[in-house]
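# Survey of secondary and tertiary structure
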Amino acid sequence: MRQNPHLKVHVAHGRYDGATPYFAAQDVVAHLRIPDSLRANIEHRYYDAGHMMYVHEPSRLQQSADLADFVVRAAQG
């Protein structure tokens, strides 16, 4: 992101994820060595599912909509 400040990142968190707890992922993102001005390029979305959001139907539908929206916004710059 420091080399490409236009890079956008979408982080999907499952609230009940035992493999990748969302607090751990938040901690990793918080400790990235990037300027504060680039932190807005990282978005977080939370789903009431485990590690595989796509097997929990409400989360799958929401994540699908969130990812489609992300792709459109990221492509616009």
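Described below are features of the structure shown in this document. (Residues numbered from 1 in each chain as written. Predicted model: local features only at pLDDT ≥ 70, side-chain atom pairs only at ≥ 80, totals over all residues. Heavy atoms only, no water.)

What follows is about the overall build of the protein chain. On a plain count of helices and strands, the protein chain comes out with two helices and two strands. Ordered by position from N to C terminus, the α and β elements of the protein chain give β-α-β-α. Counting only C-alpha atoms and orienting by the principal axes, one finds that the protein chain spans roughly 35 × 25 × 15 Å. Across the 77 residues of the protein chain, 26% fall into the buried class. In the protein chain, 66% of the contacts between residues at least 6 apart in sequence involve partners at least 24 apart. If you sum the accessible surface of the protein chain, you get close to 5,400 Å²; carbon and sulfur atoms cover 57% of it. (Helix = DSSP H or I, 4+ residues; strand = E, 2+ residues; numbered from the N terminus. Buried < 20%, exposed > 50% of the residue type's maximum accessible area, 1.4 Å probe, protein only. Contact = heavy atoms within 4.5 Å. Areas by Shrake-Rupley, 256 points an atom, 1.4 Å probe, with all protein chains shown as cover.)

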